[in-house]
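# Structural features, examined
Okay, here's what each chain looks like letter by letter:
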Amino acid sequence: MAIQQQINKVIHGIGASPGIVSGRAYLVERYKVRLPQKRIEPSRVDEEVERFLKAIEEAKNQLKEVKESILDPEVRQHAFILDVHLMILDDQMLIQNTIDNIRKRKVNSEWALDLTLEKMDSAFKTIEDEYLRERRSDLHYVSARIFRNLMGKKHDDITKIKGKVIVVAHDLSPADTLQMQLSQVAGFITDIGGKVSHTAILARSLGIPAVVGLEVATSLINGGDLLIIDGETGEVVINPTEETSKSFFERRKRIKSMEREVLKYASLPAETRDGVRIHLQANIEMVEEISSAKSHGAEGIGLYRTEILYLNRKNLPTEEEHYQTYRKLVENISPGTVTIRTLDIGGDKFLDGYQKGNEMNPAMGLRAIRFSIRETDIFKAQLRGVLRASAHGKLKILFPMISGIEEIRRAKAILEEEKKGLAKARIPFDRGVKIGAMIEIPSASVIADILAREVDFFSIGTNDLIQYALAVDRINEHVSYLYEPLHPAILRIIRSVVQSAKNAGIPTAICGEMAAVPSYVLVLMGLGLEEFSMHPIAIPKVKRALRMVRAEETKTLVERLFQFSTPTEIKRYVRKWMAERFPEEFFKLIAEDLKT
Ligand code: PEP
Ligand code: MG
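A brief report on the enclosed structure follows.

The rules behind the values
- Residues numbered from 1 in each chain as written.
- Chains lettered and ligands numbered in written order.
- Predicted model: local features only at pLDDT ≥ 70, side-chain atom pairs only at ≥ 80, totals over all residues.
- Heavy atoms only, no water.
- Donors = N, O, S within 2.8 Å, 3.2 Å for Na, K, Ca; no water.
- Helix = DSSP H or I, 4+ residues; strand = E, 2+ residues; numbered from the N terminus.
- Near = heavy atom within 4 Å.
- Polar contact = N/O pair within 3.5 Å; in protein donor to acceptor, adjacent residues only side chain to side chain.
- Areas by Shrake-Rupley, 256 points an atom, 1.4 Å probe, with all protein chains shown as cover.
- Nonpolar A, V, L, I, M, F, W, Y, C, P; charged D, E, K, R; others polar.
- Buried < 20%, exposed > 50% of the residue type's maximum accessible area, 1.4 Å probe, protein only.
- Right-handed = clockwise from strand over helix to strand, strands pointing away.
- 1 Å grid on protein atoms, 1.4 Å probe; cavity = no way out; pocket = protein on both sides within 12 Å on 5 of 7 lines; lining within 4 Å.
- Points joined across faces, edges and corners; volume = space filled by probe spheres on them.
- Contact = heavy atoms within 4.5 Å.
- Core = buried A, V, L, I, M, F, W, Y, C linked by side-chain atoms within 4.5 Å.
- Domains from an automatic or database assignment.
- Axes fitted to C-alpha atoms, helices over the stretch in contact; angles between N-to-C directions.
- Parallel < 35°, antiparallel > 145°, perpendicular 65-115°, else oblique.
- Left-handed = near helix turned anticlockwise from the far one by under 90°.
- Pairing = 2+ DSSP bridges.
- Phe/Tyr/Trp six-rings, centres within 6.5 Å; stacked < 30°, edge-to-face > 60°.
- Lys NZ or Arg CZ within 6 Å of the ring centre and 35° of its normal.

So, on to the coordination of the magnesium ion (ligand 2). Protein coordination at the magnesium ion (ligand 2) comes from Glu-440 (OE) and Asp-464 (OD), with a distance range of 2.0 to 2.1 Å. With a gap of 24 residues between them, Glu-440 in the loop between β13 (434-439) and α16 (442-446) and Asp-464 in helix α18 (residues 462-470) connect regions that are remote in the sequence.

Rendered as structure tokens:
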């Protein structure tokens, strides 16, 4: 059923990755195919079987074509997933069962295949082997393609698109995103998701504008509609009039010129007016982002998320692969430091074959360090790679999602074992390599005084800390209005963590998205923080803001903030405080996050 065409319709979501772009909508309908269910005459059974087999053949050809058209070697290494899908298209259970359904039940192919899927789904649920059980999602992906062939729908075959498109999806996982031909993608928009979902973080990493949590995008937008998206304000316009387009592009021009202006600050020292030196580092997920980190003025890499090394592949990265990757990082960022975070899989990032598919609450499930401590072989391979790379420059190790002392001790013990092994084999590594704990679970913040005795540094992950402290799912658009970095509870938690670390004589950094927002950084400075890690493009903005204030006055600002009881009051006050100090244009550029 075609959706009525919208004209100049504005819908609002959550700005997830900045930038204003326009392009034709490209609908990825993976999760949303409405199936026609029809009974057929006995005389038409053979014809229907033919139709089904033809749809399978078509699907094979389409996948082969997609595979052949991937030229980018980076993307190509993920192409094995297409082979898995091709294998599924040859699966006899899938084919025979559907044909049987057509013949015996006298139903159309769509219905028959749906029945097969239902049956296979329940069979999948009983499979012990997790890897096989996880193939269920591939089965659904492939089936969606067959359904669309049967129904004559257009495919999400992005290689066929001329010019850049805006991908419109109900949901996109980081793995889905990486499988796309990114050179064809001008922007992403999704129905679900929040600002700090990993897909949003990845979009920022890739520099692709994105709006998430639109709720109605896939139901209002038709493939081919002209869209304008603003990844800062979260606005999406469907089939804009010329006038609307003009006003967006004027805004884009203004922002771009402001950004060019701000970029001049990239190479200046991150120093406040009263001479306090602040350390700004970059969060990156790919080695290729190092040049962007440097050109935006990062002193080092404060957070290297290692998950991408594990995504979209059927085997695990080897120790050698880890080593080569991290070595490249330390060598390229020298004389700066790189902080490698060990695998943080789970939550909204899944590892092929290893994820507990049935977790009711994956964010609170077998995630991050919990997974590493359980799958020690995977953990050890990574640790050996990290340790070996530590011989080539300044490197620190960061353990994610620490919830208690026993966990950090276990992680440290495994690290010690690997150190011993390397020493015995006379393989060089930095024997004094510093280790840190992410403070992103409330329990860790409460016991920060004891935890501080176990590690060399803390890194506060506000993305998760806010999620767990306020009980607000970071990827759920329905509760995103409650996701408040300036919530009085968050400010109190951070203040107490910083104090505990100071008492113990260890440094604390912030590596959550809060560190990328100038107004929050000023508040965090007032709370005693001097080290921030953020996506590279945010660095010049943050630098410019902190160079305009005195560290002393941020302390006074924070004292005042502790007298307020609600995030709204706090935001209002910070907004006023900044408006008094910053030139209007710059204030406008950075005030978006303080909207009340
Ligand atoms: C965080 O939780 O703040 C963080 C930096 O880690 P991630 O976003 O990868 O969970
Ligand atoms: Mg986290």
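Next comes the rest of the write-up.
Here we take up the site of ligand 1. Near ligand 1 lie 16 residues; those nearest to it are Arg-305, Arg-341, Gly-461, Asn-463 and Arg-474. Contact distances for ligand 1 include 3.3 Å between an oxygen atom and a backbone N or O atom of Gly-461. Thr-462 is positioned with one of its backbone polar atoms (N or O) 3.1 Å from an oxygen atom of ligand 1. In isolation ligand 1 exposes 290 Å². Once the protein is present, 100% of that is buried. Listing elements by their share of the shell around ligand 1, those giving two or more residues are α8 (198-206), β10 (301-305) and α18. With 3 residues, the top contributor of residues to the shell around ligand 1 is α18. Residue classes in the shell around ligand 1 are distributed as 4 nonpolar, 5 polar and 7 charged.

What follows is about the pairing of strand β11 (residues 337-341). Where burial is concerned, most of β11 is hidden: 4 out of the 5 residues are buried. Once you follow β10 into helix α12 (residues 319-333) and on to β11, the crossover reads as right-handed.

A full pass over the atoms with the stated rule returns 6 cavities of 30 Å³ or more. Size it by volume and the second largest cavity reaches roughly 90 Å³. If you go around the second largest cavity, the residues you meet are Gln-281, Gly-302, Thr-339, Lys-396, Phe-457, Phe-458, Ser-459, Pro-507, Thr-508, Ala-509, Glu-531 and Ser-533. At the level of secondary structure, the elements contributing two or more residues to the lining of the second largest cavity comprise β14 (457-460), β15 (508-510) and β16 (531-534). Here the lining of the second largest cavity gets 3 residues from one element, more than from any other, and that element is β14. Partitioned by chemical class, the residues of the lining of the second largest cavity number 4 nonpolar, 6 polar and 2 charged.

Another aspect to go through is unusual backbone geometry. Here the amide bond leading from Ser-334 into Pro-335 is cis, since omega sits at 5 degrees, within 30 degrees of zero. With respect to the helices and strands, Pro-335 occurs in the loop between α12 and β11. Positive phi, normally seen in glycine, also occurs at Ala-471, with a value near 55 degrees. One can find Ala-471 in the loop between α18 and α19 (488-504).

Topologically, Thr-325 is positioned in helix α12. On the basis of relative accessible area, Thr-325 is assigned to the buried category, the value being 12%. In contact with Thr-325, not counting residues within four places along its chain, are Val-287, Tyr-304 and Leu-309.

Phe-399, Phe-458, Ile-494 and Phe-532 are the most contacted members of the largest nonpolar core, which totals 112 residues. Among the elements that take part in this core, α19 stands out by supplying 7 residues, more than any other. There are two domains that each give this core at least three residues, and those are domain 1 (9-30 + 156-247) and domain 3 (276-537). Residues within four places of Phe-532 in sequence aside, it is in contact with Ile-278, His-279, Leu-280, Gln-281, Ile-510, Ala-515, Val-521, Leu-524 and Met-525.

Moving on to the packing of helix α14 (residues 376-389) against helix α15 (residues 405-424). Running from N to C, α14 and α15 cross one another at 60 degrees; their axes reach a closest spacing of 10 Å. Here α14 lies oblique to α15, going by the angle between them. In this structure, α14 meets α15 at a crossing whose hand is right-handed. Together, Thr-376, Phe-379, Lys-380, Leu-383, Arg-384, Leu-387 and Arg-388 of α14 and Arg-410, Ala-411, Ile-414, Leu-415, Glu-417, Glu-418, Lys-419 and Leu-422 of α15 make up the contact between the two elements. Along the lines of polarity and charge, the residues of the contact of α14 with α15 split into 7 nonpolar, 1 polar and 7 charged.

Okay, the sheet that holds β10 next. Taken in spatial order, the 8 strands of this closed barrel run β9-β10-β11-β12-β13-β14-β15-β16, and their pairing is parallel. Adjacent strand axes in the sheet meet at a mean angle of 30 degrees, parallel and antiparallel pairs treated alike. Bridge analysis of β11 against strand β12 (residues 394-399) gives 5 bridges, and the strand direction is parallel. Within β12, the residue paired with Ile-340 across the bridge is Ile-397. Here helix α21 (residues 539-547) sits on the sheet in contact with β9 (279-284) and β16, set at roughly 160 degrees to β9.

Another aspect to go through is the packing of aromatic side chains. Enumeration over the complete set of coordinates arrives at 4 aromatic pairs. Here the aromatic rings of Tyr-304 and Tyr-326 are separated by 6.2 Å at their centres, their planes lie at 75 degrees, and the arrangement is edge-to-face. Within this pair, whereas Tyr-304 is found in strand β10, its partner Tyr-326 is found in helix α12, the two being separated by 22 residues in sequence. Side by side, Tyr-304 and Tyr-326 carry an identical accessibility label, which is buried. On the numbers, 5.5 Å between centres and 45 degrees between planes, the contact of Phe-564 with Tyr-573 is tilted. Between Arg-581 and the ring centre of Trp-577, over which it is positioned, the NZ or CZ distance is 4.0 Å.

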